[in-house]
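Structural features, examined
What follows is the residue order along each chain.
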Amino acid sequence: MDCSLIRTLINRYCAGEENWVDNRTIYVGHREPPSGTEAYIPQRYPDNRIVSSKYTFWNFVPKNLFEQFRRIANFYFLIIFLVQLIIDTPTSPVTSGLPLFFVITVTAIKQGYEDWLRHKADNAMNQCPVHFIQHGKLVRKQSRKLRVGDIVMVKEDETFPCDLIFLSSSRGDGTCFVTTASLDGESSHKTYYAVQDTKAFHNEQDIDALHATIECEQPQPDLYKFVGRINVYHDRNEPIARPLGSENLLLRGATLKNTERIFGVAIYTGMETKMALNYQSKSQKRSAVEKSMNVFLIVYLCILISKAIINTALKYVWQSDPFRDEPWYNQKTESERKRNLILRAFTDFLAFMVLFNYIIPVSMYVTVEMQKFLGSYFLTWDEEMFDEDTGEGPLVNTSDLNEELGQVEYVFTDKTGTLTENNMEFIECCIEGHVYIPHVICNGQILHDCTGIDMIDSSPGGSGKEREELFFRALCLCHTVQVKEDDNIDGLKKAQLSGRSCVYISSSPDEVALVEGIQRLGYTYLRLKDNFMEILNPKNDIERFELLEMLSFDSVRRRMSVIVRSVAGDIFLFCKGADSSIFPRVTEGKIDQIRSRVERNAVEGLRTLCVAYKKFTRKEYDSVCKLLQNAKLALHDREKKLAEAYEQIEKDLILLGATAVEDQLQEKAADTIEALQKAGIKVWVLTGDKMETAAATCYACKLFRRNTQLLELTTKKIEEQSLHDVLFDLSKTVLKHSGSLTRDNFSGLSTDMQDYGLIIDGAALSLIMKPREDGSSGNYRERFLEICRNCSAVLCCRMAPLQKAQIVKLIKLSKEHPITLAIGDGANDVSMILEAHVGIGITGKEGRQAARNSDYAIPKFKHLKKMLLVHGHFYYVRISELVQYFFYKNVCFIFPQFLYQFFCGFSQQPLYDTAYLTLYNISFTSLPILLYSLMEQHVSTEMLKREPSLYRDITKNALLRWRVFIYWTFLGLFDAVVFFLVPISCLTTQL
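Residues numbered from 1 in each chain as written. Predicted model: local features only at pLDDT ≥ 70, side-chain atom pairs only at ≥ 80, totals over all residues. Heavy atoms only, no water.

**Regarding the sheet that holds strand S38 (residues 856–858)**
One open sheet accounts for nine strands, arranged S14-S38-S37-S36-S15-S32-S35-S34-S33; its pairing is mixed. Each edge of the open sheet is held by one strand with a lone partner, namely strand S14 (395–396) and strand S33 (708–713). Pairing of strand S37 (residues 838–842) with S38 involves three bridges; the strand directions are parallel. Paired with Ile-840 across the bridge in S38 is Tyr-856. Taken strand by strand, helix H29 (residues 863–900) contacts strand S15 (410–413), strand S36 (820–824), S37 and S38, and its axis lies near 135 degrees from that of S38. (Pairing = 2+ DSSP bridges. Helix = DSSP H or I, 4+ residues; strand = E, 2+ residues; numbered from the N terminus. Contact = heavy atoms within 4.5 Å. Axes fitted to C-alpha atoms, helices over the stretch in contact; angles between N-to-C directions.)

Set out below in structure tokens:
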């Protein structure tokens, strides 16, 4: 009897097998493993149905009504309507019920239509055909019927129906190319690798005969992280275990490219796929105008209650005279005389509430939503914000924040791809202290027809020549660049054979620039085939290197490495990365000369990388291989173990040299920043680049000026002094010159006063945000904010994505509560875009993840100027006048009703006909102000662009402050008195 099943169950449920719930076991093709190897425990997983809709046919009405009546105004009118139904009120229930029904119906139709579109999209996705293997044959079925463990075949240009482990490919090397544009916006081709032991299975019969199980982590939303292993069984022998990582996982929504077909096994289906787990709804952002509306509604509700109480009290004062209480023509019945006084008073109070309830504008929310929705089209229709190069214009992902564009006080911007083009150009490289520049100008003459290496100083000799060749080989081998496969001739391109440029593709523009730059210096990367990387040297000889291991780049290590073996059998590790990551790990090389060149290039605004290497003996490589294999096979803490392994491997390096790449400034970036500063908006640059490079860019885009005194709050400063002393000195410096200077009268452009710019790095920010030993960090934060308030511009360098969000949150929650805007173009900017009051994505070269997660998207940074100074200005002025007018017109309408009660003995007699009461808010007064709030231009567009300072007049919610609100209210009261007393006096005169 096989007791493995019982043993496994006892281990899990009784002995508490460690962390078992964190993993899942998948049986490939639903085939049981060979008997005696491990227990077969079938598990239940969800089907492959995707549900993005919010409602169903059965729950739409109750769920939608519940959500709508959570709004205070809607709930209030529901109560008034019920009161009118229950007690005898002066107005018909129709007067409250019809406007409420109109508002609820319009909103329900809008939300129902949007959800119907989601249902439609879900059905199209769930019913698309998928090919999977059953009994050695290909079978078609709907995507929603896929199950975990099914083996799926996907053809070229098809999207993956679920998350698959890549088993085999039509390509001989077991690779495939994939685009993940719908997931992370990256349009470049990425390479994925089949499992080593299954990549030779090219037909259905071979795949169907596969005996294997997959152990992997439970579903989680990180697109770039996956930990698992596959156990492949051969007869009754011990299974062969292979590690599985993100390079083996094909994600739902990605598209297969340049590969005829692939086979994969489903491991996550339906709502457990990484794409579905990333369907998270963004936190609801509310504008300052909407908050003001809610406060004003509460004020008017208090006014309504006050009017009802006053009229109730005056009614009983009036009826204290028996003749007035019971005139001869309106005698009370006996039951009416015996009614409880308190109950009668409460009933009268409710009746007055119903009579005056029209002071609350029931249709205001609907009108405001329509104004925002229709107004957003003015932004998308703006031809000046259309980019000819990309063929794209602005995109509005949410219209709820239109007016917030006119209230921005802080702009947080990324550098690379936002202020700069993210269009990298190789400028130079420094090898062993010698500088190499492609097509150099020597003594004023351009060296034409230079196919080799142009240098600006003497050529190295001896060992220097060997290091030079190693440097070029390192840059040709240490990357993730792919070569576009066109016009193949016997496996090589025509372009390669003719000496012309190859077409390189990579998710990183830096890597393409480096490979293209080295090609201009004589070394051409050809391709990766059958795990061999081929390069063409200056002698037109093809060199082949076997790719043994790749230590991928990550933002923590800030470097990547490859381990390759030459034809001669030499094993090299080539490493490239940021200078701060490479210099601490090198023990040999011209360190001082190269460091000096790197710092010089950084000051000029160039992006720098350092290159190093080490040589392994066979024995050393075997130990490295074992170390990596153990880390890769770990199911728990794999990332931590890999990081520790990389740390051990990437040490005692020999420095070869450094590269410099230029990222050009975007068109009109400097003009845009200058205009924003004139508008009173503070601009902060948040970047992961080193300080010198970022500072040079800030000077180029006029964030920092010639007279700007730079203050540093960096790790280097803190090492020399304590954090407390550095903050105290900086605070003393800025306050000495600024004095009582405030943000309202300082834009950083003044020439007659000292201008300060602050530079802070990620490590220093961590110390500021870190709680102190006494459990508080507030003192450091407040001192830091005080310094920032008195600086015209701030540069935050060496920032991790999370730190960018922390900076935005710190400013957003400061005591002034300023309105913040974050703008970026890459996935690393998403966190700050979501954190800011307004998030703007740029449809740049780092993908569309930022644009997809933003509130608005624009093609270029220069379009931010018109978006804020023109569209934002108009949006805010229009919506402010719309809101104030709604309250004004309702005061004009209802206050005469209040005055009329003094003329009708407080008998709750309505002044207006039922039709007027019903249609006043719905149509009579809503449509004119709606059209006005869409078309009004109190200042010309050209004037707003020419005079950015006009933006200051509307900041800090200037048009919805209490003073303005009270003015509109008293204006409504005055007009109401005129509307009532003038006709009354005319009538009295005639009588």
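Read on for the rest.
**So, the packing of helix H20 (residues 669–678) against H29**
Put simply, H20 and H29 touch, their axes get as near as 8 Å, and they point 25 degrees apart. Relative to H29, H20 is oriented roughly parallel. For the pair H20 and H29, the crossing hand works out as left-handed. Touching Thr-672, Ala-675 and Leu-676 of H20 are Leu-864, Lys-865, Leu-868 and Leu-869, all from H29. Looking at the contact of H20 with H29 residue by residue, the classes come out as five nonpolar, one polar and one charged. (Parallel < 35°, antiparallel > 145°, perpendicular 65-115°, else oblique. Left-handed = near helix turned anticlockwise from the far one by under 90°. Nonpolar A, V, L, I, M, F, W, Y, C, P; charged D, E, K, R; others polar.)

**Quick word on the pattern of salt bridges**
Across all of its chains, the model carries 37 salt bridges by this definition. Here Asp-47 makes a salt bridge to Arg-49, at a shortest N to O gap of 2.9 Å. Residue classification places Asp-47 among the partly exposed residues on the basis of a relative accessible area of 30%. Accessibility expressed as a relative area gives 34% for Arg-49, which makes it partly exposed. The shortest N-O distance in the salt bridge between Glu-534 and Arg-544 comes to 3.4 Å. You can see Glu-534 sitting in strand S25 (residues 532–536) and its partner Arg-544 sitting in strand S26 (residues 542–554), a full ten residues away along the chain. Assessed through its relative accessible area of 6%, Glu-534 is described here as buried. (Salt bridge = Lys/Arg side-chain N within 4 Å of Asp/Glu carboxyl O. Buried < 20%, exposed > 50% of the residue type's maximum accessible area, 1.4 Å probe, protein only.)

**A word on the pairing of S15**
Here S15 shows a buried face lined by Tyr-410 and Phe-412 and a second buried face lined by Val-411 and Thr-413. By the bridge criterion, four bridges tie S15 to strand S32 (residues 682–686) in an arrangement that is parallel. In the strand pairing of S32, Val-411 is matched with Val-683. Here four bridges tie S15 to S36, and the two strands are oriented parallel to one another. Its bridge partner being in S36, Thr-413 is matched across the sheet by Ile-823.

**Focus: the nonpolar core**
Across soluble globular proteins, nonpolar side chains show a tendency to be buried alongside one another. Formed by 53 residues in total, the largest nonpolar core has its most connected members in Ile-360, Met-364 and Val-883. For this core, the secondary structure elements donating two or more residues are helix H3 (72–86), helix H4 (94–126), helix H8 (288–318), helix H11 (341–356), helix H12 (364–380), H29, helix H30 (914–924) and helix H33 (962–990). The element that contributes the greatest number of residues to this core is H29, accounting for 13 residues. Not counting chain neighbours up to four residues away, the residues in contact with Met-364 comprise Met-293, Leu-297, Val-883, Phe-886 and Phe-887. (Core = buried A, V, L, I, M, F, W, Y, C linked by side-chain atoms within 4.5 Å.)

**Brief notes about helix H19 (residues 638–649)**
Compared with the 16 Å implied by 1.5 Å per residue over twelve residues, the 16 Å span of H19 between its first and last C-alpha is a close match. Those residues of H19 not exposed but buried are Arg-638, Leu-642, Ala-645, Tyr-646 and Ile-649. Looking straight down H19, one finds its buried side chains confined to an arc of 100 degrees; they lie on one side. Those residues of H19 that are buried lie in contact with strand S9 (228–232), strand S10 (240–244), S26, strand S28 (571–577), strand S30 (607–616) and helix H18 (618–633). (Expected span 1.5 Å × (residues − 1). Arc of directions from axis to C-beta.)

**Notes on the state of the cysteines**
For the structure on display, the rule yields zero disulfides. Not engaged in a disulfide, the cysteine Cys-788 finds its nearest cysteine sulfur in Cys-791; these two sulfurs lie 6.3 Å apart. A relative accessible area of 1% means that Cys-788 is categorised as buried. (Disulfide = S-S within 2.5 Å.)

**As for the sheet that holds strand S4 (residues 151–155)**
Spatially, S3-S2-S4-S13-S5-S11 is the arrangement adopted by the six strands of the open sheet, whose pairing is antiparallel. Of all the strands in the sheet, the pair left with one neighbour each is strand S3 (137–142) and strand S11 (249–250). Strand direction decides the pairing type here: strand S2 (residues 129–134) and S4, joined by two bridges, are antiparallel. Within S4, the residue paired with His-131 across the bridge is Met-153.

**Some remarks on H18**
Its 16 residues give H18 an end-to-end C-alpha distance of 22 Å, which sits within 8% of 22 Å, the value for a rise of 1.5 Å per residue. Taken together, the buried positions of H18 are Tyr-621, Val-624, Leu-628 and Ala-631. Taken around the axis of H18, the buried residues stretch over an arc of 90 degrees, which confines them to a single face. Structural note: H18 exposes Lys-619 and Lys-626 on the side pointing more than 90 degrees away from its buried face. Elements in contact with the buried residues of H18: S26, strand S27 (559–566), S28, S30 and H19.

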